[in-house]
Amino acid sequence: MTRFPDRVFAQAALYDVTVMLPKPLEVFATGSPITSSDDGTATSTRFVSGPVREWAASFGEFDAVSTITNGITVTAYQAQGDTLDIERVRDVAARSLESFETRFGPYPYRELDLHALDWGGDAGIEYPGYTLILINTQVNQRTDFVVAHEVAHEWWYAVVGNDIYREPWLDESFANYSAVIAAADRLGPEQAQAIYNSEIKAAYERNLSAGDPPAGLAITEYASFNSYYRAIYGKGAVFLATLRAEVGDDVFFAGMRTYYTAERHQIATRAAFEAAMEGAAGRELDPLFDRWLGPK
Ligand SMILES: [Zn+2]
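This section reports on the structure supplied with the text. Once a new chain begins, its residue numbering starts again from 1 and follows that chain's sequence as written. The model is predicted, so local features are restricted to residues of pLDDT at least 70 and side-chain atom pairs to those at 80 or more, both for listing and for counting; the totals for chains, interfaces and linings are taken over all residues.

Following DSSP output, two strands are said to pair if at least two bridges run between them. Starting at the N terminus, helices and strands are each numbered in turn, a helix being any DSSP run of H or I of at least four residues and a strand any DSSP run of E of at least two. Note that strand 9 (residues 123–127) and strand 10 (residues 130–135) share five bridges and pair antiparallel. Each residue of the ladder has a partner; that of E126, found in strand 10, is T131. Adjacent in sequence and paired antiparallel, strand 9 and strand 10 are bridged by two residues, among which G129 carries a positive phi angle near 70 degrees.

Next up, the structure:
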């Protein structure tokens, strides 16, 4: 457990969870529901998961919209009575999932659930096969970025784990830059560049103005949440864009696929990522990694 902002650093494990609820409450959760029963006043639903790092669920009465993409059921939920555009949340999530399967490798679970809540700001919290999407009154382009970022965490956090305490860039910088990759696939390069500028480059420029701390530090080595945010969500994502420009698209995505495949259900490290990229590039990349992340 960490103080902020993400909470859980855990090995992957198999979960088998049975949820009993008084009617009419419903549940959706990490994993797949495999059996359910109903005794008239209560329901019982058993969920089993593949390898996951934690288990999360929502209980309540929901409206839901689903689609099946690449054989995976993507469902966006909201509490009954809420009027968020969950069709758009579902569609951006499904398109992002398609992008990441093509670019990085297969999503290993059967389902992806998204719980949209009107929260007064755009943010998200990722869990395996399940994510909270916090929305500022209505779904807009900022929400789309958050949805793609949270879906990317299924690759960078849920499947490829990392020590979110000591190497937070390995999930947050990756998720932020992956959201731009999904935007490029969905909207084309010009709109993706505009999103990159507002979501990533702006944070990096604030990092530059604040002494330019490297992106490879532990959470506790940043002076504040803002400092952490600028370096990890800004500079670390600019590093990935810079690395991609340096080695070229073919090498970059070959390296990402190698890293994803090798580190599935493991705890990845900077060294593992660097080795995958150096293997794809056929040369050492130490100076570039050190310049952006700080010395090892
Ligand atoms: Zn994140």
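Having seen it, we continue.
By this rule, a helix spans an expected 1.5 Å times one less than how many residues it contains. Taking 1.5 Å of rise per residue, 19 residues should cover 27 Å, and helix 3 (residues 169–187) covers 26 Å from first to last C-alpha, within 8% of that figure. Backbone-placed C-beta atoms define the burial measure: a residue is buried with 20 or more other C-beta atoms within 10 Å of its own, exposed with 12 or fewer, and partly exposed in between. A large share of helix 3 lies buried, amounting to 15 of its 19 residues. Positioned one or two residues after helix 3, G188 has a phi angle of 95 degrees, which is positive.

How two helices sit against one another is set out by the angle between their axes and by the gap between those axes. Axis definition: a line fitted to C-alpha atoms, limited for helices to the stretch in contact. Angles are taken between N-to-C directions and run from 0 to 180 degrees. Orientation of helix 6 (residues 249–263) relative to helix 7 (residues 270–281), taken along the N-to-C sense of each, is 135 degrees, at an axis distance of 8 Å. Viewed along their axes, helix 6 and helix 7 adopt a mutual orientation that is oblique. The two elements helix 6 and helix 7 cross, and the hand of that crossing is right-handed. Contact residues: V251, A254, G255, T258, Y259, A262 and E263 in helix 6; A272, F273, A276, M277, G279, A280 and A281 in helix 7. Looking at side-chain class alone, the contact of helix 6 with helix 7 contains 10 nonpolar, three polar and one charged residues. Should an angle fall under 35 degrees it is taken as roughly parallel, and over 145 as roughly antiparallel, whereas 65 to 115 is taken as roughly perpendicular and any remaining angle as oblique. Left-handed describes a crossing in which the near helix is turned anticlockwise from the far one by less than a right angle; the clockwise case is right-handed. We call two residues in contact when their backbone-placed C-beta atoms lie within 7 Å. Asp, Glu, Lys and Arg are counted as charged, while Ala, Val, Leu, Ile, Met, Phe, Trp, Tyr, Cys and Pro are counted as nonpolar; the rest, among them Gly, fall into the polar class.

Bear in mind that shape data such as this cannot, by itself, settle questions of function.
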